[in-house]
Amino acid sequence: MKNSCVFILCWFIAASTFAQKNKSQWVYRGKDGKLVYKTTPTGDRIMDFSAAGYMGGGVALPTVPIKRVVKPSGNDDTQAIQSAIDEVSAMSLQNGFRGAVELAPGTFTCSGPILLSTSGVVLQGNGSGANGTTIKMVGDHHTAIVIGRGNTNVSLGRTERGDSSAVNTAKTTISDAYVPSGSTSFSVADGSVFAIGDTIAINRPVTESWVHFMRMDDMWRDGKKETWLKAGSRGVIKRKIVGITGNKLTIDIPLADSYDAQFLNSPGIVIVKAKPVSRVTQAGIENIHIQCPPLEIDYGHAPYAGIRVGGDDCWVKDVYCEETMNTTVLAGNRITMEKVIVKHTYANLGASKPTDFSLEGGQNLIDRCEITGGNMYFVWTSSLIAGPNVLLNCTFRGTRSRVQPHQRWATGLLVDNCTVPDGGIDFMNRGIAGSGHGWTMGWAVAWNCIAKTYVIQNPPGAVNWAIGCIGKREQTARLFDSAPVLPDGNFDSHGSPVEIQSLYLAQLAERLGAKGLKNIGYTGNTVDMFPNKQVSLLPLKTQSDKLGFNEAIDRPVNTSDVKGSTREFGGEKAIDGNPATYWRTNDGVTKATLEVDMEGPVAINTLQINEQGEHINAYKVEAQLDSDWKLLTQGTTIGKNLVVKFPATIAWKVRLTVSKANDYVGINNFGLYMERGRSPGSKI
């Protein structure tokens, strides 16, 4: 409760300090009004993110002529909608588009995915509100709308399907010993093999020496070695050549990572002329409400997702997704997702978390979007994804939820003027989390954001920034380790916003002028364009009793077995503070586990368990620390009110294992405490 009060106080302070403006030392306006960038000692700088978005940023989303109209039938409308899309898909291109399929107002029942698999086709409704167009999802597991099915491996950050990324006659290597992140030029061994206008693929190999430098070769979990990135794999960034001077190439978009020759095997960074890849382009989804029933369920069993975009230069605008899980995937490049709202009634169940906005391509812009949902990652990035990718002016609400790049070295993310009042923004080392996610993000920026917490860490040889942000700074070791605690990354003007309100808009205006801002809907006073900087906190259930504050309350939890409906007997019922609810296994299941994710290092020294049914004959409780499990207590019976005190322990997870019972296993309370008057390191 004390921490909550402190944060609420900081929140009210934030409301008054947001009007105060400092100047960032990393990006600021010079005397001529142009942006000035500070560099690191090795020349790295915050990159220009303005190329993120439809058609490379600053381009208005098109209005496409309607060619077919579909009305709801009252029955399954999937085939009727698909037939209209197929008809428009067969039409010839006019000004780059074939036409739009309009869904009339009303509710369309759809039992399968709607596919936009041809370029130049748009699906639009008549609004996402109560009187607009609703797609009601029914039937088997599926995604409501898919753009570019069969062409979804399209990331700028990894090798593309069927593409060696080479025209073999045009191939060279970078000759610079070090190319800083944010650079737009570099030297090569032979610049004569290219011409201005060529698209090149820059192949960055993953080597054992680089993995060792990143300290990612010492991850162990339960005695088994974890692999972060496999040596021999590679990241691929595509750029267009805009200038050639001898052997020096100038590219259109800055590099989202640095290139250090000392960590590369021969032949080093290979650059080739990229082959064109056939994908869906110029496709859009607009003005639609996607609805499925609210389910209290873990995301692995959730039946419906919202939208997958596997094409380039596409868009999703004014879409309201209700109760979809893992809602959107942006697997293409140069996509704008604007004013997309996702709402969940129930928090995701289990310690494994979904995401509603998955960034799996490059140059993507998520603008003025909102999510409300608990126990999830609002936004994550996939492996070896290279930016620029931008979250602009978004609001994400939900307890135990975060904006957190997910795994294995994505680069070049900007979180710009986003509000996360109940959760956090993290650029961090996830260690053995997942399957060895390790360092998730480099060269990322949180700019003028408000969040409850920030975990900003600098990977070896790279930088992450939080500039002008409001919220609590937290330090931690890599996940599931106790030490070393990693130092903060680069915090600048923390607690007081900086005078450039939006870095993305400032960079866009410098590149394209006021027209670029107008094209994407930003005009007038910039402060007025960010209305969601202060929003109320969602309630977080807390419980204190004679043992103190229950650290387990409403944490994410995984169980090995659940009787019948997870909604009625799921593991979360053991930690909800309600003595009338309980976790229960099926009849006859006499071995089971309940694992509580503490979501970070939490000090505990007391355990309290209430058993329902009193069938347990052998059990143990362990805490995860330093990537392994430590025994806290074990015994033969639990009963109605078992209280166990043990030496104070820092735990990332706590696991109850029942190895023997004479009938089903049931627990109606599983409490974890740091009892007053005892501190970490004390003995009982």
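Higher on the page you've got the structure.
Worth saying up front: this structure is predicted, and the values here are computed from it rather than measured. Within any chain, residue numbers begin from 1 and follow the written order of that chain's sequence. It should be noted that, the model being predicted, local features are given only for residues of pLDDT at least 70 and side-chain atom pairs only at 80 or more, the latter also being counted only at that level, while totals for whole chains, interfaces and linings use all residues. Only hydrogens and water are set aside; all other atoms, that is, all heavy atoms of the structure, feed into the side-chain values.

(A) Inspection of the overall build of the protein at higher detail. Every helix listed is a DSSP run of H or I at least four residues long, and every strand listed is a run of E at least two residues long, numbered separately from the N terminus. Summing up its helical and strand segments, the protein has 6 helices and 48 strands in all. Radius of gyration (C-alpha) of the protein: 26 Å, near the 26 Å computed for a compact globule of 684 residues. Dimensions of the protein along its principal axes, counting C-alpha atoms only, are 75 × 65 × 50 Å. When accessible area is computed with a 1.4 Å probe and restricted to protein chains, residues below 20% of their type maximum are described as buried, those above 50% as exposed, and intermediate ones as partly exposed. Out of the 684 residues belonging to the protein, those deemed buried represent 59%. At a minimum sequence separation of 6, the contacts of the protein that also span at least 24 residues come to 75%. What sets the accessible areas is the Shrake-Rupley method with a 1.4 Å probe; for residues, cover comes only from the shown protein chains. Carbon and sulfur atoms provide 50% of the accessible area of the protein, an area that totals close to 26200 Å². Separation of charge centres in the protein, based on 69 positive and 63 negative side chains, amounts to 2 Å. Note on method: radius of gyration uses C-alpha positions; expected globular size equals 2.2 Å times residues raised to 0.38. For this analysis, residues touch if any pair of their heavy atoms sits within 4.5 Å. A residue counts as positive if it is Lys or Arg and as negative if it is Asp or Glu; His and the chain ends are not included. Charged groups are reduced to one reference atom each: NZ for lysine, CZ for arginine, CG for aspartic acid, CD for glutamic acid.

(B) A look at the nonpolar core. Ranked by internal contacts, the top residues of the largest apolar core, which has 67 residues, are Leu123, Ile145, Phe357, Leu391, Phe396 and Ile425. When sequence neighbours within four positions are dropped, the list of residues in contact with isoleucine 145 reads Ile114, Leu116, Leu123, Ile135, Ile285, Ile288, Ile290, Gly306, Ile307 and Arg308. Core analysis: the next-biggest nonpolar cluster, separate from the first, contains 52 residues, Leu229, Leu384, Leu414 and Ala506 among them. Nonpolar core, defined: a set of buried Ala, Val, Leu, Ile, Met, Phe, Trp, Tyr and Cys residues in which side-chain atoms within 4.5 Å join the residues together.

(C) Structural context of the pairing of strand 36 (residues 450–456). For strand 36, a buried count of 6 out of 7 residues is recorded, marking the element as mostly surrounded by other parts of the structure. For two strands to be treated as a pair, DSSP must find no fewer than two bridges joining them. Of the pairings in the sheet, the one linking strand 33 (residues 419–427) to strand 36 comprises 6 bridges and is parallel in character. Each residue of the ladder has a partner; that of valine 420, found in strand 36, is alanine 451. Alignment of strand 36 against strand 38 (residues 470–473), held across 3 bridges, turns out to be parallel. The partner of threonine 453 across the bridge, within strand 38, is lysine 472.

(D) Local environment of the state of the cysteines. Two cysteine sulfur atoms form a disulfide, by the criterion used here, when they sit within 2.5 Å. Under the defined criterion, the tally for this structure stands at 0 disulfides. Cysteine 292 supplies the cysteine sulfur nearest to cysteine 110, a cysteine that is in no disulfide, at a spacing of 13 Å. Its sulfur unpaired, cysteine 321 is 8.9 Å from the next cysteine sulfur, which belongs to cysteine 292. Overall, the relative accessible area of 0% leaves cysteine 321 in the buried class.

(E) Inspection of the side chain of arginine 98 at higher detail. By secondary structure assignment, the location of arginine 98 is in the loop between helix 2 (78–89) and strand 4 (99–103). The salt bridge definition used is simple: a Lys or Arg side-chain nitrogen within 4 Å of an Asp or Glu carboxyl oxygen. For the buried arginine 98, no salt bridge is present, and the opposite-charge side chain at shortest range is aspartate 86, 11 Å distant. Here methionine 91 takes part through its backbone oxygen, which lies 2.7 Å from a polar atom of the side chain of arginine 98. Apart from the residues lying within four places of it in its own chain, the contact partners of arginine 98 are Lys67, Val88, Ser89, Met91, Ser92, Leu93, Thr118, Ser119, Gly120 and Val121. Under the rule applied, a polar contact is a pair of N or O atoms within 3.5 Å (in protein, one hydrogen donor and one hydrogen acceptor; residues adjacent in sequence only if both atoms are side-chain atoms).

(F) Structural context of empty space enclosed by the protein. Here a cavity denotes grid points, spaced 1 Å and computed from the protein atoms alone, that fit a 1.4 Å probe unable to get out, and a pocket denotes an open set having protein on both sides within 12 Å along at least 5 of 7 lines; residues with an atom within 4 Å of a point are the lining. Grid points are joined across faces, edges and corners, and a volume is the space filled by probe spheres set on the points. Scanning all chains against the criterion turns up 3 cavities of 30 Å³ or more. What lines the largest cavity is a set of 13 residues, among which Arg204, Gly235, Asp257, Leu384 and Trp409 lie closest to the centre. Throughout, the ten residues Ala, Val, Leu, Ile, Met, Phe, Trp, Tyr, Cys and Pro are labelled nonpolar, Asp, Glu, Lys and Arg are labelled charged, and all others, Gly among them, are labelled polar. Here the residues of the lining of the largest cavity sort into 8 nonpolar, 3 polar and 2 charged. What the second largest cavity holds in volume is close to 100 Å³. Forming the walls of the second largest cavity are 13 residues, and the residues nearest its centre are Pro293, Leu295, Ile297, Glu323 and Met325. Class assignment for the residues of the lining of the second largest cavity results in 10 nonpolar, 2 polar and 1 charged.

(G) Region of interest: helix 4 (residues 503–512). When we look at burial in helix 4, the residues that qualify are Leu503, Tyr504, Leu505, Ala506, Gln507 and Leu508. The N-terminus of helix 4 is capped by serine 502, whose side-chain oxygen sits 3.1 Å from the backbone nitrogen of leucine 505. Phi turns positive one or two residues past the end of helix 4, at glycine 513, with a value near 85°.

(H) Examining the sheet that holds strand 19 (residues 270–273) more closely. An order of 10-19-13-16-17-12 is seen for the 6 strands of this open sheet, with the pairing classed as antiparallel. Both edges of this open sheet fall to strand 10 (171–173) and strand 12 (185–187), since each of them pairs with a single strand only. Between one strand and the next, the sheet's axes are offset by a mean angle of 40°, whatever the strand orientation. Of the pairings in the sheet, the one linking strand 13 (residues 199–205) to strand 19 comprises 4 bridges and is antiparallel in character. In the strand pairing of strand 19, asparagine 203 is matched with valine 270. Axes here mean lines fitted to C-alpha atoms, for a helix over just the part in contact, with angles spanning 0 to 180 degrees between N-to-C directions.

(I) Focus on unusual backbone geometry. That bond from glycine 387 to proline 388 is cis: its omega, 15°, falls within 30 degrees of zero. Turning to its location among the elements, proline 388 is positioned in strand 29 (residues 386–392). The residue after alanine 483, namely proline 484, is reached through a cis peptide bond having omega -5°. Along the chain, proline 484 turns up in the loop between strand 38 and strand 39 (490–492). With a phi close to 50°, aspartate 313 is a non-glycine residue in the positive phi region. Even without glycine at this site, leucine 384 takes up a positive phi of about 55°. Among the structural elements, leucine 384 can be located in the loop between strand 28 (377–381) and strand 29.

(J) Up close: the packing of aromatic side chains. Think of it this way: a Phe, Tyr or Trp ring, Trp meaning its six-membered ring, pairs with another when their centres are within 6.5 Å, and the plane angle makes it stacked under 30 degrees, edge-to-face over 60, tilted otherwise. Scanning the entire structure with this criterion turns up 13 aromatic pairs. Seen in terms of ring centroids, phenylalanine 357 and phenylalanine 396 are 6.2 Å apart; in terms of plane orientation they differ by 70°. Their pairing is edge-to-face. Taken together, the residues phenylalanine 357 in strand 25 (residues 355–359) and phenylalanine 396 in strand 30 (residues 395–397) connect sequence positions 39 residues apart. For phenylalanine 357, a relative accessible area of 0% puts it in the buried group. Aromatic side chains phenylalanine 569 and tyrosine 582 sit 5.4 Å apart centroid to centroid with 50° between the ring planes, which places their arrangement in the tilted category. One end of the pair, phenylalanine 569, is in helix 6 (residues 566–569); the other, tyrosine 582, is in the loop between helix 6 and strand 43 (583–584), with 13 residues separating them in the sequence. The class for phenylalanine 569 is buried, based on a relative accessible area of 10%.

(K) Highlighting helix 2. The end-to-end C-alpha distance of helix 2, which contains 12 residues, comes to 16 Å, matching closely the 16 Å that a straight helix rising 1.5 Å per residue would cover. What helix 2 keeps buried is the set Thr78, Ile81, Gln82, Ala84, Ile85, Val88 and Ser89. Down the axis of helix 2, the sector holding all buried residues measures 160°, keeping them to one side. Expected span, for any helix, means 1.5 Å times one less than how many residues it has. Directions pointing from the helix axis toward each C-beta atom define the arc.

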